[in-house]
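Commentary on secondary and tertiary structure
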Amino acid sequence: MVQAYILIQTEVGKASTVAETISKIPGVIQAEDVTGPYDVIVRAQADTVDDLGRLVVAKVQQVDGITRTLTCPVVHL
């Protein structure tokens with residue numbers, strides 16, 4: 001199982017709606033709107049890195065109101 005944090009920038013005033021929409025996507029563990037340089041932070045998981053990439057590109061990035069994403073995979077050292 002691969003997990004990652006997805007840092008999301010949104011259009012002005014869209015953070016709450018984006019977080020709510022993303023929270024309903026299968027594979028998303030948590031989605032919250034936050035303050036700072038990013039507007040929404042998502043924790044997601046998938047079986048493989050490829051599946052995680054597909055989740056981000058095919059589902060998360062397609063949500064209306066998103067302007068940029070940054071995916072940070074969790075590592076266990």
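Residues numbered from 1 in each chain as written. Predicted model: local features only at pLDDT ≥ 70, side-chain atom pairs only at ≥ 80, totals over all residues. Heavy atoms only, no water.

- As annotated in an unreviewed UniProt entry, the protein chain carries the name Lrp/AsnC ligand binding domain-containing protein and is attributed to Streptomyces gilvifuscus.

Brief notes about helix H1 (residues 15-23)
- Within H1, burial applies to Ala-15, Val-18, Ala-19 and Ile-22. Looking straight down H1, one finds its buried side chains confined to an arc of 100°; they lie on one side. (Buried < 20%, exposed > 50% of the residue type's maximum accessible area, 1.4 Å probe, protein only. Helix = DSSP H or I, 4+ residues; strand = E, 2+ residues; numbered from the N terminus. Arc of directions from axis to C-beta.)

Focus: the pairing of strand S2 (residues 28-33)
- Judged from the 5 bridges that link them, S2 and strand S3 (residues 40-46) form a sheet pairing that is antiparallel. When the sheet's bridge partners are listed, Asp-33 is paired in S3 with Val-40.
- The antiparallel pairing of S2 with S3 creates a hairpin that spans 6 residues between the two strands, and Gly-36 there sits at a positive phi of about 120°. (Pairing = 2+ DSSP bridges.)

Re the nonpolar core
- Core analysis: the largest hydrophobic core is formed by 21 residues, its most contacted members being Ile-8, Ile-22 and Val-42.
- Look past the residues within four positions of Ile-8 in its chain and what remains in contact with it is Ile-22, Tyr-38, Asp-39, Val-40, Val-42, Val-60, Ile-66, Arg-68 and Thr-69. (Core = buried A, V, L, I, M, F, W, Y, C linked by side-chain atoms within 4.5 Å. Contact = heavy atoms within 4.5 Å.)

Description of the side chain of Thr-10
- As for its placement among the helices and strands, Thr-10 is situated in strand S1 (residues 2-10).
- Once you skip the residues sitting within four places of it in the chain, Thr-10 turns out to touch Ala-15, Val-18, Asp-39, Val-40, Gly-65, Ile-66 and Thr-67.

Considerations on the side chain of Thr-69
- Looking at where Thr-69 falls in the secondary structure, it is placed in strand S4 (residues 66-73).
- Owing to a relative accessible area of 18%, Thr-69 belongs among the buried residues under this scheme.
- In terms of polar contacts, Thr-69 uses its side chain to reach the side chain of Gln-61, at 2.8 Å.
- Those residues in contact with Thr-69 that sit more than four places away from it in its chain are Ile-6, Leu-7, Ile-8, Val-56 and Gln-61. (Polar contact = N/O pair within 3.5 Å; in protein donor to acceptor, adjacent residues only side chain to side chain.)

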